[in-house]
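Descriptive analysis of the structure
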Amino acid sequence: MPAQGRRSADGGIRLSVVVPAYNEAERLLPTLHAVRDHLDAAPGRWGSWELIVVDDGSTDDTAAVAREAAAGDPRIHVVTSPENRGKGHALRQGVLASYGSRVLVTDADLATPVEELDHLDTLLTDRDASAVIGSRAHPDSRIDVHQWRGREWLGRAGNLLIQAVAVPGLRDTQCGFKLFDGERARAAFAASVLDGWAIDVEILRHFRRSDWPVVEAPVRWSHRPGSKVRPLDYARVLGELVRLRAAAPDRTGLRTDSRTGLRTGLRTRLRTHLRTDLLIGLLFCLVSLVLYQDLWADLDRGYLADAGQDQNQWEWFFAVTADNVVNLRNPLFSHAQNAPDGVNLMANTVMLGLSLPLTPVTLLLGPTVTWAIVLTFGLAATAIAWYWLIVRRITGPAARARSGYRAGSRESRAGSRESGAGSRESGAGSRAGAQGATGGNGHRWAAALGAAVAAFAPPMISHGNAHPNFLVLFVIPLLIDRALRLCEGRRVVRDGIVLGLLAAYQIFIGEEPLLLAAMGMLLFALFYALLDREAARRSWRPLLRGTGIGLAVCLPLVAGPLAWQFFGPQSYSGVLHGSETYNSPRAFLEFAGRSLLGTDERADPLAMNRTEQNAFYGWPLIALIAGIVIQWWRRTLVAALALTAGAAALLSLGAEIPVPLTDHTVPGPWTPLGKAPLFEAVIESRVAMICAPVLGMILAVAAVRLAGQPRRAVRILGAAALAAALLPIVPTPYPVRERNTVPAFVTDGTYRDYLGPGESMVIVPLPSPGDADALHWQSTTGFRFPIAGGYFMGPWGPDDLGIYGAVPRHTANLLSDVRHSGKIPDIGPLQREQARADLRDWRAGVVVLPPQYNEDPLQEALETLLERPGRWVGGVLVWDVGDLVPGGQRPG
């Protein structure tokens, strides 16, 4: 309805209430009635008012409900949008259609009751303010119904970012209850550009920049079910903040006269670089949030679909570390699993370097939140670290001046026959260097491209399903940079100390990634030395000395934990990974299941499982890399990187490499290496992960060279080639399934009636790498009971070989067979006596059978083995077997 048709003759509309609505058919009408009744109750205060409902392209009956209300009251008006554009667009439409001397914007759910308007109106007058905003963070506010604690945590974290980049001092910009001076509100919304949730920030920023006072007011607030805010919206707000910050006018006021011109230019360039760095870092965070959006959507029940049982295991690792810290127990061991023997945590991938500092988060918000934080922001931190290294060592002006973009020693020795080509190459490098020297950001975006490949390549995304120790690699680029500093030989002692500290910390994040990184660094150093003997001659002494210093610093810090890992209780030697742990040559040319053009049907047969798709770079990228290497083979850096990637790919093929189009194999270079100490525990297909940062660096070199090309057609063709190679492997969001609920028998504490001191719970089938929900039972209840079996790495057999899960026992195997086959074997006195012996060894107090597939045959088998019926208690079948534990004492 046109606004002009609503304005009174004297223009005396006292208040405009703007309500944005998207799919609010169920709760919009009560909101409109509540607002109308409140304003009509005080006609002396509010006088003439209008209520504007903005239907933001709803797909339900929101518009019809609003029109029905408007038909009965001419003060209610409806503004419609043909499509959903976002809260910002809806508010802009509503405010610009208003005529009130004051404008209230409120959410359709009335999470803040309309009665709070009176208080805001009083403050607007008494404090001579231009805006009064409801603030849930105000110490006098009253929160009657809280949001889910993870959403509250995200809100607090987001507000800290908002304060840092846009409106410092405002503690809650997103509460949907704000009262504005009408004319100033219309001016601010007319100048706004954002359509999403960050519109509140943009408007308040406009008020701040215009020196219009903004006051935060305490309010009552209650969380309403059916919120339209989704996890992806947090990422969109982040992107809008980046856009808002990037569009900020320059208010530095720097002088530009001849005496300060150089200083001004340097400051401007630094400021531009910092803004670019911030933008790139935020984009990496945004990509990570998008990938894990479905996990963040429901942290109470969401479970990564391709994680197998690893999410249960990792949440257990985070939770048991926090529990050990709180109870002042040894963080390197736990008796919670594998009763009564326990688990050597240092011999498992417990990631103490993150689980220890994140203990407060785990205790406050739960291990699932810690899991989501480590995956999401660990991946972003890894991308940022690779970006920093590539800018510093490959694409930045300083890096190009050192070695990257001038004729290297190999070209100088190539002879006069190639001198013309060398001169052309040097000239192109000079042009690229000149661009960087003038403060352009092309080399930074080239580095961002390389870092994106390093962090978001298919192998990384594969491990992002379940292996944070292979995803959180932000220490690796720092280690590489420190090793390169040692080669320069300037501050060997300091750099060696830092190298040792970084290596020690990486050991507490992931030992196998550190080993793979060392392999990659060694391969690169070897190939670079062969290609540039002079550089090798200059570098080997300080590098060797600094490495020795690093070892002297690192080893004392990690000696105790490593001794516990290799010689402590429940330690093991070697790992039985099974067969087919190598890469197929075809895997390098195919697309991963989580790539844009990939399918599980094509990828699954070429990998151990979906968390071990360690190649899958795709044939377009491999072809492009081959072309780049052929074009710039004379560059020492490109050649060394290419040889490193090739060697890593070859090693990942395993001990026996199949010959294409035949049934024959040939011995691979992994044959002797796979039998060496430490390497025997490595899954050889993971060596292909070394290729990810290497290929990213090659692409970064090519992107910088491409940006320096004087011919526009060449730049366009090059960009098209990059897009064609990378788009097929763009990762897609991780799918999520709903996890099984923890039975009331555990959550309400009923289990305490069945467990005496030192007794364990036997959950059928026994927890194993194939079914580890019991770990979730423990981590959500604070480790109040130990369990038999589990999912961990432990010793087995006379040689203490490492296996996944507990040492197999007859009863566990029997019940597992029943679970998978549905068939009950013959159970006689021998089987019953074996079951009693196993229960005694497990120190079992209670046997628990939760609802599951083949539940009936499992119940029958248990009743036959235990010679007693089970009872339904708290949603599970239980058998009290405490009498089989010698000396057991029952509670009460």
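Now for a description of the structure that goes with this document.

Reading the values: the criteria
Residues numbered from 1 in each chain as written. Predicted model: local features only at pLDDT ≥ 70, side-chain atom pairs only at ≥ 80, totals over all residues. Heavy atoms only, no water. Helix = DSSP H or I, 4+ residues; strand = E, 2+ residues; numbered from the N terminus. Buried < 20%, exposed > 50% of the residue type's maximum accessible area, 1.4 Å probe, protein only. Areas by Shrake-Rupley, 256 points an atom, 1.4 Å probe, with all protein chains shown as cover. Pairing = 2+ DSSP bridges. Axes fitted to C-alpha atoms, helices over the stretch in contact; angles between N-to-C directions. Contact = heavy atoms within 4.5 Å. Parallel < 35°, antiparallel > 145°, perpendicular 65-115°, else oblique. Left-handed = near helix turned anticlockwise from the far one by under 90°. Nonpolar A, V, L, I, M, F, W, Y, C, P; charged D, E, K, R; others polar. Salt bridge = Lys/Arg side-chain N within 4 Å of Asp/Glu carboxyl O. Expected span 1.5 Å × (residues − 1). Phe/Tyr/Trp six-rings, centres within 6.5 Å; stacked < 30°, edge-to-face > 60°. Core = buried A, V, L, I, M, F, W, Y, C linked by side-chain atoms within 4.5 Å.

Along its length, the protein chain carries 36 helices and 21 strands. Within the protein chain, the fraction of its 892 residues that count as buried is 55%. With an accessible surface of roughly 38500 Å², the protein chain has 58% of that area assigned to carbon and sulfur atoms.

In terms of burial, strand β19 (residues 844-849) is a largely internal element, 6 of the 6 residues being buried. Taken together, the 4 bridges between strand β16 (residues 760-763) and β19 define a ladder with parallel strand orientation. Across the sheet, residue M761 finds its bridge partner in β19, namely V846. Here β19 pairs with strand β21 (residues 876-880) via 4 bridges, running antiparallel. Following the sheet pairing, V848 is matched in β21 by V878.

Attention shifts here to the sheet that holds strand β1 (residues 15-21). Sheet architecture is open: 7 strands sit in the order β3-β2-β1-β4-β7-β5-β8, paired in mixed fashion. Looking at the sheet topology across the chains shown, the edges are occupied by β3 (76-81) and β8 (214-218). Averaged over all adjacent pairs, the angle separating strand axes in this sheet is 20 degrees, with direction ignored. Where strand β4 (residues 102-106) and strand β7 (residues 177-181) come together, 5 bridges link them in antiparallel fashion. Each residue of the ladder has a partner; that of V105, found in β7, is K178. Together, β1, β2 (49-56) and β3 form the strand contacts of helix α3 (residues 62-72), whose direction differs from that of β3 by roughly 155 degrees. The sheet strands contacting helix α5 (residues 117-126) are β1, β4, β5 (131-135), β7 and β8, and the helix crosses β7 at an angle near 35 degrees.

The subject of this paragraph is unusual backbone geometry. Each neighbour pair has its own omega, and for A339 with P340 the value is 0 degrees, a cis peptide bond. Structurally, P340 can be placed in the loop between β11 (333-334) and β12 (343-344). Cis geometry marks the peptide bond from V764 to P765, where omega comes out at -5 degrees. Relative to the helices and strands, P765 is located in the loop between β16 and α33 (773-781). Positive phi values are uncommon outside glycine, yet R843 reaches one of about 55 degrees. Within the secondary structure, R843 sits in the loop between α35 (829-842) and β19. Given the relative accessible area of 45%, R843 is considered partly exposed.

Moving on: the packing of helix α22 (residues 475-488) against helix α25 (residues 533-567). Between α22 and α25, the shortest axis-to-axis distance is 6 Å and the interhelical angle comes to 125 degrees. Viewed along their axes, α22 and α25 adopt a mutual orientation that is oblique. Here α22 runs over α25; the crossing is right-handed. Contacts between α22 and α25 involve A483, L486 and C487 from the former and R538, S539, P542, L543, G546 and T547 from the latter. A class-by-class count of the residues in the contact of α22 with α25 yields 5 nonpolar, 3 polar and 1 charged.

Our focus in this paragraph is the packing of helix α23 (residues 492-507) against helix α24 (residues 511-531). When two helices pack together, their arrangement is given by the angle between their axes and by how far apart the axes lie. Two elements in contact, α23 and α24, have axes whose closest approach is 7 Å; the angle formed by their N-to-C orientations is 135 degrees. By the criterion of interaxial angle, the relationship of α23 to α24 is oblique. Judged by residue contacts, A503, Q506 and I507 of α23 engage E511, P513 and L514 from α24. Here the contact of α23 with α24 is composed, by residue class, of 4 nonpolar, 1 polar and 1 charged.

To continue, consider the pattern of salt bridges. If you walk through the whole model with that rule in mind, you get 43 salt bridges. Put simply, E867 and R832 hold a salt bridge, and the shortest N to O gap is 3.6 Å. Here E867 is found in the loop between α36 (855-866) and β20 (871-873), whereas its partner R832 is found in helix α35, with 35 residues between them in sequence. Note on R832: relative accessible area 18%, which makes it buried. When salt bridges that share partners are traced, they join R392, R393, D481, R485, E488 and R490 into one network.

A rise of 1.5 Å per residue sets the reference length of α22, with its 14 residues, at 20 Å; its end C-alpha atoms lie 20 Å apart and thus fit the reference within 8%. Counting buried positions along α22 gives 10 out of 14 residues, so the element sits mostly inside the fold. Against the buried residues of α22 lie α15 (367-395), α23, α24 and α25. Downstream of α22 by a residue or two, G489 has a phi angle that is positive, lying close to 70 degrees.

Counting across every chain of the model gives 15 aromatic pairs. When the ring of F333 is compared with that of W564, the centres are 6.2 Å apart and the planes differ by 75 degrees; the resulting orientation is edge-to-face. With a gap of 231 residues between them, F333 in strand β11 and W564 in helix α25 connect regions that are remote in the sequence. Between F588 and Y617, the aromatic rings sit 6.4 Å apart at their centres with planes inclined by 20 degrees, giving stacked as the arrangement.

Here we come to the nonpolar core. The biggest cluster of nonpolar side chains holds 156 residues, and the ones touching the most others in it are Y292, L621, L699, F745 and M761. Looking at which element gives the most residues to this core, the answer is α15, with 14 residues. Contacts of L621, omitting those with residues within four sequence positions, involve L695, L699, A725, L726 and I729. In this structure, V19, W46, V132 and A217 belong to the second largest nonpolar core, which totals 35 residues.

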